[in-house]
Protein chains: 2
Amino acid sequence: MCGTEKVGVIKRSGSHAAHASEARENGARRNLSPDAVINLDHGDPTVFESYWRKMGDNCTFIIAGYQSISYFADMKNLCWFLEPKLEEQIRRLHHVVGNAEVDDHHIVVGTGSSQLIQAALYALSPPDEREPISVVSAVPYYSSYPEVTDFLRSGLYKWAGDAQRFDKDAAYIEMVTAPNNPDGVMREPVVNRDQGTLVHDFAYYWPHYTPITCPVNHDIMLFTVSKCTGHAGSRIGWALVKDKEVARKMTKFIEINTIGVSKESQLRAAKILGVISDGCLHFGSPDADNFFEYSQRLMAERWQQMRDVVKRSEVFSLPEYPFQYCLFTGEFTEAHPAFAWIKCKETAEDCEELFRAHKILTRSGKRFGSDPKYVRVSMLNREEEFNLFLERLSAIQEISNGN
Amino acid sequence: MCGTEKVGVIKRSGSHAAHASEARENGARRNLSPDAVINLDHGDPTVFESYWRKMGDNCTFIIAGYQSISYFADMKNLCWFLEPKLEEQIRRLHHVVGNAEVDDHHIVVGTGSSQLIQAALYALSPPDEREPISVVSAVPYYSSYPEVTDFLRSGLYKWAGDAQRFDKDAAYIEMVTAPNNPDGVMREPVVNRDQGTLVHDFAYYWPHYTPITCPVNHDIMLFTVSKCTGHAGSRIGWALVKDKEVARKMTKFIEINTIGVSKESQLRAAKILGVISDGCLHFGSPDADNFFEYSQRLMAERWQQMRDVVKRSEVFSLPEYPFQYCLFTGEFTEAHPAFAWIKCKETAEDCEELFRAHKILTRSGKRFGSDPKYVRVSMLNREEEFNLFLERLSAIQEISNGN
């Protein structure tokens, strides 16, 4: 997965744990009625709201009415709409976390990583071929890939499904998602042929979700603020791109598609990423709050709670993840993915229907090219919703066992 | 153009003129070297920076670190990522200015109006046709239309060029830009056949550019913050859409393309639009600053200066615009478009080359489906650049006359 033997300098996180439970209570302020529908279909990362609430004014973003009026951010940069402050903080954060090599890469900013996926497909597709290039990813793949690839019926690229079944003797683009959405597994490319180009989607390769085992180093690597800091509403993603021409074409896509990317979101993201890097580095200070340490604890707690519920019966099962040494935390940890990939073992053919009957919206395994016995459940909702989810999960098990 | 006989209540602007020249000086703070290349190719609306600088803290946007984290803005709204505050201010501004009917329309927010153009094409294209639907616009058309339509070689829609030459007996989408980019002329549809659907691009239908002769009322109308307030870096546009299903499909496009639109930009735009509406309504107060009055004066001054230079020789010509009664200002005014559509009358076959030789970047008439004797020149740059442009325009004329 790492694509290089070189391992960067390990920057250790602070030793002062964040008071996760306390701040979580602050965040869980909505009053859900006991029979409310809980939407765990999307990976809306509101779990992190509590952390940002706790951080207070440190993270407040202020912009005067006359600032950032122009379309342009830096005319000298290949990605002319990328705010220099954001570029600086992206590079800094990767150095601090040690999860990706950035020094040999151009940065292209996008309106979330969805736009960057399309930009990458545009950049990697041969412009003059009669047939569109095949786009593949191994099952279970991120459910948006087929839709994002095919919604405009592009003559440049076309969704070709499961990478493991791809046997066409032709050029292809493989999406490699690591950790994988929906199942949290670290991934390698599977087609492995000369005619292929790879897009590495590293949206979830951050310490709160998975051990950082090496700084990754590939030709095109996608990241997003949504899953890193939780600021999904900002719609900021970035691509680390080795080849200058590919970076230029990706920039061109974004120029035609949206003439750049919100300056306000970029500048606020720069501030937020800066606060995270500061928090990671200032260990020893009693006020220091390491975002990843706090968030990892939160995710670990949730996973533990869910595993405790699930193991009480034989109705559901969850993936197991290996303990691995995390270069960032300096500890052996297992993954605590942003999604639970739940299998209904016995009682139901259609797991999504089962959950829906109990007012829990999930995403069916079918959407990921997989089996309807699976569902993807977001682990990133607010505390109150997560707790209600656990209660209902428990209730489903009791009913199923009673049957 | 107005599509309705009904004329809304006329809201008059304030009577206190903004001190345009004074604030312009504040804005023109960059030091251009005398031989600098001036880029008037893009319509980068930095001319309005001076106004926003003058407005000071009234327009400062502040957002705490924990706010607007979610993907969602309003789950009950058809356009689920549209911030309610922005919707409110968009409706209010149209009521205050009287330039568009909004009460029967859904609002879809986009990452600039470029994204909304694509969303409209997606929504209006029949999904199951073998042949892509034709997209047309009358020459000279906005130079981005062909590129935006064709860059992904979509099987849904295809650029078919000049609407005036469109003779295919088949469904089509006509882009109607009013006032038109590049030439500032108010436009009506030209194909006028039953199989057509229309997208009205009203990016420039604001009082600083053109007299507001009626509140427009069409099925799909596009507007953008960039050209209204000058905040191009925010990438905020909106569509007013009558048909619910079309609005839903446009929302779907934006969902797939970028999973919504920057919350920061939306909330800041809401603030800025609110300040503009306040300024238009509070006439009589000595501190009131009517944005459109200020900006109209600025644009009128620039056009007057340019016309004064151009008329000194026979080298160039400019379009003339009729005096019309503006419902907003309550005065007879002519248009002062965001772009000058300049014709080189004698000296040059290729007007863009002529300007380039004098270090002025413009956009060739060819890009608009028109003649290379024309260029489009942005009137929206900063004061210093505009003044340098006038000097060079004058110099070109002297050289040409000397030949």
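All values derive from a computational prediction rather than experimental measurement. (Residues numbered from 1 in each chain as written. Chains lettered and ligands numbered in written order. Predicted model: local features only at pLDDT ≥ 70, side-chain atom pairs only at ≥ 80, totals over all residues. Heavy atoms only, no water.)

Observations concerning the packing of aromatic side chains
Residue and element names in this part refer to chain A.
- Scanning all chains against the criterion turns up 58 aromatic pairs over all chains.
- Taking the centre distance of 5.7 Å and the plane angle of 45 degrees together, the rings of Phe202 and Tyr205 count as tilted.
- Given a relative accessible area of 0%, Phe202 falls into the buried group.
- Each member of the aromatic cluster is reached from another via a ring pair, and the members are Phe48, Tyr51, Trp52, Phe202, Tyr205, Trp206, Phe223, Trp238, Phe291, Phe292, Tyr294 and Phe328.
- Taking the ring centre of Phe339 as reference, the NZ or CZ of Arg376 above it sits at 3.7 Å. (Phe/Tyr/Trp six-rings, centres within 6.5 Å; stacked < 30°, edge-to-face > 60°. Buried < 20%, exposed > 50% of the residue type's maximum accessible area, 1.4 Å probe, protein only. Lys NZ or Arg CZ within 6 Å of the ring centre and 35° of its normal.)

Section: unusual backbone geometry
- Cis geometry is found at the peptide bond from Val139(A) to Pro140(A), where omega equals -5 degrees.
- With respect to the element layout, Pro140(A) can be found in the loop between β4 (133-137) and α5 (144-150).
- For the peptide bond that leads from Ala178(A) to Pro179(A), omega is -5 degrees, which places it in the cis range.
- As for its position among the elements, Pro179(A) is in the loop between β6 (172-177) and β7 (196-201).
- Unusually for a residue other than glycine, Arg153(A) sits at a positive phi of about 50 degrees.
- By the secondary structure assignment, Arg153(A) is in the loop between α5 and β5 (157-162).
- Phi is positive for Ser68(B), close to 55 degrees, though the residue is something other than glycine.
- Summarising the element assignment, Ser68(B) is placed in the loop between β2 (61-63) and α3 (84-97).
- Judged by relative accessible area, which is 22%, Ser68(B) ranks as partly exposed. (Helix = DSSP H or I, 4+ residues; strand = E, 2+ residues; numbered from the N terminus.)

Considerations on the packing of helix α7 (residues 244-258) of chain A against helix α4 (residues 112-124) of chain B
- One can describe the packing of α7(A) onto α4(B) by two numbers: an axis separation of 6 Å at closest approach and a directional angle of 80 degrees. Taken together, the axes of α7(A) and α4(B) are roughly perpendicular relative to one another. Every residue of α4(B) that contacts α7(A) at Ile256(A), Asn257(A) and Thr258(A) is listed here: Ser114(B), Gln115(B) and Gln118(B).
- Of the residues in the contact of α7(A) with α4(B), the class split is one nonpolar, five polar and no charged. (Axes fitted to C-alpha atoms, helices over the stretch in contact; angles between N-to-C directions. Parallel < 35°, antiparallel > 145°, perpendicular 65-115°, else oblique. Contact = heavy atoms within 4.5 Å. Nonpolar A, V, L, I, M, F, W, Y, C, P; charged D, E, K, R; others polar.)

Considering the packing of helix α9 (residues 291-310) of chain B against helix α11 (residues 383-402) of chain B
All names here are of chain B.
- Where α9 meets α11, the axes come as close as 9 Å, and the angle between the chain directions of the two elements is 15 degrees. With respect to α11, the axis of α9 lies roughly parallel. At the point where α9 passes α11, the crossing takes the right-handed sense. For the pair formed by α9 and α11, the contact residues are Arg302, Gln305, Met306, Val309 and Val310 on the first element and Glu383, Phe386, Phe389, Leu390, Leu393, Ser394 and Gln397 on the second.
- Of the residues that constitute the contact of α9 with α11, the class distribution is seven nonpolar, three polar and two charged. (Left-handed = near helix turned anticlockwise from the far one by under 90°.)

Brief notes about the environment of Gln296(B)
Residues and elements named next belong to chain B.
- Along the chain, Gln296 falls in helix α9.
- Looking at Gln296, the relative accessible area reads 12%, which means it is buried.
- Between the alpha carbons of Gln296 and His336 there is a distance of 7.7 Å; along the sequence they are 40 residues apart.
- Every residue in contact with Gln296, bar those within four places of it in the chain, is listed here: Pro207, His208, Thr329, Thr333 and His336.

Quick notes on the state of the cysteines
- Applying the stated criterion across every chain, the model contains two disulfides over all chains.
- For Cys344(B), the disulfide goes to Cys351(B), at an S-S distance of 2.1 Å. Given an S-S torsion of about 55 degrees, the disulfide between Cys344(B) and Cys351(B) has right-handed geometry.
- A relative accessible area of 0% places Cys344(B) in the buried class.
- For Cys79(A), which is in no disulfide, the shortest distance to another cysteine sulfur is to Cys228(A) and amounts to 19 Å. (Disulfide = S-S within 2.5 Å.)

Some words on helix α7 (residues 244-258) of chain B
Residue and element names in this part refer to chain B.
- When the terminal C-alpha atoms of α7 are compared, their 21 Å separation across 15 residues agrees well with the 21 Å that a helix rising 1.5 Å per residue should span.
- Among the residues of α7, Val246, Ala247, Met250, Thr251, Phe253, Ile254, Ile256, Asn257 and Thr258 are the ones counted as buried.
- The opening residue of α7 is Asp243, an N-cap whose side-chain oxygen sits 3.0 Å from the backbone nitrogen of Glu245.
- One or two positions beyond α7, positive phi appears at Ile259, with a value near 45 degrees. (Expected span 1.5 Å × (residues − 1). Polar contact = N/O pair within 3.5 Å; in protein donor to acceptor, adjacent residues only side chain to side chain.)

Nothing here speaks to function; it is all geometry.
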